[in-house]
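# Examining the three-dimensional arrangement
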Amino acid sequence: MTDSVWTVFFAALITALATGLGALPFFLIRKFSPRWLGIFNAIAAGLMLGASHGLINKGLSLNLTLLLAGMAAGVFIISVLNHRLEHNHGEMLTALRASGGMKALMIVGVMTLHSFAEGIGVGVAYGGGSSLGTFITAAIAIHNIPEGLAISLVLVPRGTSPAKAGLWSIFTSLPQPLMAVPAFLLVTIFEPVLPFGLGLAAGAMLWMVFSELVPDALETVSKELVGVILTLSLAAMIAFQALL
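Right, let's walk through the structure included here.

About the criteria used
- Residues numbered from 1 in each chain as written.
- Predicted model: local features only at pLDDT ≥ 70, side-chain atom pairs only at ≥ 80, totals over all residues.
- Heavy atoms only, no water.
- Helix = DSSP H or I, 4+ residues; strand = E, 2+ residues; numbered from the N terminus.
- Buried < 20%, exposed > 50% of the residue type's maximum accessible area, 1.4 Å probe, protein only.
- Contact = heavy atoms within 4.5 Å.
- Areas by Shrake-Rupley, 256 points an atom, 1.4 Å probe, with all protein chains shown as cover.
- Phe/Tyr/Trp six-rings, centres within 6.5 Å; stacked < 30°, edge-to-face > 60°.
- Core = buried A, V, L, I, M, F, W, Y, C linked by side-chain atoms within 4.5 Å.
- Axes fitted to C-alpha atoms, helices over the stretch in contact; angles between N-to-C directions.
- Parallel < 35°, antiparallel > 145°, perpendicular 65-115°, else oblique.
- Left-handed = near helix turned anticlockwise from the far one by under 90°.
- Expected span 1.5 Å × (residues − 1).
- Arc of directions from axis to C-beta.

### A closer look at the overall build of the protein chain
Counting its regular elements, the protein chain contains 10 helices and zero strands. Counting all 244 residues of the protein chain, 49% fall into the buried class. When contacts within the protein chain are restricted to residue pairs at least 6 apart in sequence, long-range pairs at least 24 apart make up 85% of them. Of the roughly 11500 Å² that the protein chain leaves accessible, carbon and sulfur atoms contribute 72%.

### Focus on the side chain of Thr137
You can see Thr137 is positioned in helix 6 (residues 130–155). Using a relative accessible area of 8% as the deciding quantity, one classes Thr137 as buried. Those residues within four positions of Thr137 in sequence are excluded, and the remaining contacts are Ala11, Thr15, Val122 and Tyr126.

### Focus on the packing of aromatic side chains
For the structure on display, the rule yields five aromatic pairs. Between the aromatic rings of Trp6 and Phe9, the centroid separation amounts to 5.9 Å while the plane-to-plane angle is 85 degrees, which identifies the pairing as edge-to-face. Of this pair, Trp6 and Phe9 both sit in helix 1 (residues 2–19), three residues apart, which is roughly one turn of the helix. Assessed through its relative accessible area of 25%, Phe9 is described here as partly exposed. Here the aromatic residues Trp6, Phe9 and Phe10 are joined through ring pairs into a cluster of three or more.

### Here we look at the environment of Pro177
Mapped onto the elements of the fold, Pro177 is located in helix 8 (residues 175–185). The exposure class of Pro177 is buried, given its relative accessible area of 5%. Along the sequence, Pro177 and Ala11 sit 166 residues apart, while their C-alpha atoms lie 7.7 Å from each other.

### Things to note about the nonpolar core
Within soluble globular proteins, side chains that are nonpolar tend to cluster in buried spots. Counting residues in hydrophobic clusters, the biggest one holds 43 residues, and the most contacted among them are Met48, Ile107, Val110, Ile120, Met205, Met208 and Leu213. Elements represented by at least two residues in this core include exactly helix 2 (34–60), helix 5 (101–127), helix 6, helix 8, helix 9 (187–220) and helix 10 (223–243). Here Val110 is in contact with Met48, Ile78, Ala204, Met205 and Met208, once residues within four sequence places are set aside. Counting residues in hydrophobic clusters, the runner-up holds 10 residues, among them Ala12, Tyr126, Ile140 and Ala180.

### Thoughts on the packing of helix 6 against helix 7 (residues 162–172)
To describe two helices that pack against each other, one gives the angle between their axes and the distance between the axes. Packing of helix 6 against helix 7 leaves a shortest axis separation of 9 Å and a crossing angle of 130 degrees. Taken together, the axes of helix 6 and helix 7 are oblique relative to one another. Between helix 6 and helix 7 lies a crossing of right-handed hand. Here helix 6 contributes Gly148, Ile151, Ser152 and Leu155 to the contact with helix 7, which in turn contributes Ala165, Trp168, Ser169 and Thr172.

### Regarding helix 10
Each full turn of the α-helix corresponds to 3.6 residues, which orients residues three or four apart in the same direction. The first and last C-alpha atoms of helix 10 sit 30 Å apart over 21 residues, in line with the 30 Å expected at 1.5 Å per residue. Of all the positions in helix 10, only Val226, Ile229, Leu230, Ser233, Met237 and Gln241 are classed as buried. Each buried residue of helix 10 lies within a common arc of 100 degrees when the element is viewed along its axis, so the set occupies one face. Turned more than 90 degrees away from the buried face of helix 10 sit Glu224, Leu232, Ala242 and Leu243, all of them exposed. Elements in contact with the buried residues of helix 10: helix 2, helix 6 and helix 9.

Given below as structure tokens:
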């Protein structure tokens, strides 16, 4: 059992580290115009929509009621949190809003929330056998790379270095190794609530896409181009998940 616990922990840790690979393109691209910021927001929106699609699709196969309850809870929590932040006029929050850092903070928070569900998924999968656990781990690790890219697309144009964006991307996935072990040890407890967790993360991500990323993209890019970019990045993410 001890060996199995360490196997689960290190497998989930690999999925977290893979998220940092999404920042690699930004070591080659350093300067961004406002138009590029809009394009990046549209790409990030498409990638996050694709990630949400994957979460919802998985939740549908488990429990529709819990999935929908989780989505409603996710939208409620993130909208209330945003409202509280928007109406808090503290000096630090004002500076974050002025620099665009508030949006970056929200993205990091939403993606971190999403990682709790993925960590539980890894642990539950290993509870069904090492072969299933290995497959799910590989799928999530590969899936995490474009998610790290989505995070970096928001952070780097706002002044974060590519190295720090990679570290922030990894940080958002740290719940995966932290949740995988207890989910593995207590699979009978965690498995029934997995669809709620998937819905919670999906709801928060969908709110972020339509409330923040898309409106920001439309400020500097035409609605036609935003539509094309978002659709293509969404399609790419869905195809990416299907190939896994």
